Structure formats: structure tokens, C-alpha cells
Amino acid sequence: MQSENRLFDDLVKFVNGAAGTVAGVGREAQFGARERAREWIGGLDFVSRDEFEVVKAMAAAARDEADALRARLDALELKQQG
């Protein structure tokens, strides 16, 4: 009976060790995949949210200025014809 308990204890220790190893390998694989994704994404020409918002504001200002200039040009053309 004592040998059965020892065998069972050894089996439990082995399974626990294997589970810990599998969990460690899983964490390493996940970390490696994240690092590869960061490297791949970092190589692309993405912009930060702040940079995007700045350029968006610049485009809106340029559009407003173009609309104002178009209105002035239309008024000058109308004045020249009339």
C-alpha cells in the first residue's frame, strides 16, 4: 500500500511539473508572438493618434481656407462680369 501511495505521489509531482512546463512554454510563445507582431507593425508607416489628429486639424483648416478663397474668387468674377 505504501508503494502505491509513493507511486501516486511521484505521478502527481510529474504531472504538476509537466503542467508548469507547458504553461511556461505557452507564456514564452505568447510573448514571442507579441514581440514579432510589434516588430512587424513597427516596420510599417503607422502614425500615432496625436499625429493623426494634428494632420486632421490642418486639413480642416486648409479646407476652410480654400472655401473662403473660392468664395472671394467667385465674388471677384461676379463683380468683373457685372
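(A) Expanded view of the overall build of the chain. The helix and strand inventory of the chain stands at two helices and zero strands. Computed over the C-alpha atoms, the radius of gyration of the chain is 34 Å, more than 25% above the 12 Å expected from 2.2 N^0.38 for a compact globule of 82 residues. Along the longest, intermediate and shortest principal axes, the C-alpha atoms of the chain span 115 × 20 × 15 Å. By residue count, 1% of the 82 residues in the chain fall in the buried class. Within the structure as shown, the chain displays about 7900 Å² of accessible surface, and the carbon and sulfur contribution to it stands at 60%. Here the chain contributes 12 positively and 15 negatively charged side chains, and the mean placements of these two sets differ by 1 Å.

(B) Just the pattern of salt bridges, in detail. The full count for this structure, using the stated rule, is two salt bridges. Of the charged contacts, one joins R38 and E35 as a salt bridge, the two residues approaching to 2.8 Å between their closest N and O atoms. Of this pair, R38 and E35 both sit in helix 1 (residues 2-43), three residues apart, roughly one helical turn. Overall, R38 belongs to the exposed group, its relative accessible area being 53%. Residue classification places E35 among the partly exposed positions, given a relative accessible area of 28%. Note that R49 and E53 form a salt bridge whose closest N and O atoms lie 3.2 Å from each other. Linking R49 with E53, this pair stays in helix 2 (residues 49-81), spanning four residues, or about one helical turn.

(C) View of the environment of R70. Tracing the backbone through its elements, the reader meets R70 in helix 2. With relative accessibility at 54%, the residue R70 sits in the exposed group. For the pair R70 and R27, spaced 43 residues apart in the sequence, the C-alpha separation amounts to 60 Å.

Cut-offs applied
- Residues numbered from 1 in each chain as written.
- Predicted model: local features only at pLDDT ≥ 70, side-chain atom pairs only at ≥ 80, totals over all residues.
- Heavy atoms only, no water.
- Helix = DSSP H or I, 4+ residues; strand = E, 2+ residues; numbered from the N terminus.
- Rg over C-alpha atoms; globule rule 2.2 N^0.38 Å.
- Buried < 20%, exposed > 50% of the residue type's maximum accessible area, 1.4 Å probe, protein only.
- Areas by Shrake-Rupley, 256 points an atom, 1.4 Å probe, with all protein chains shown as cover.
- Lys, Arg positive; Asp, Glu negative; His and termini not counted.
- Charge placed at Lys NZ, Arg CZ, Asp CG, Glu CD.
- Salt bridge = Lys/Arg side-chain N within 4 Å of Asp/Glu carboxyl O.

Purely geometric stuff here, so don't read any function into it on its own.
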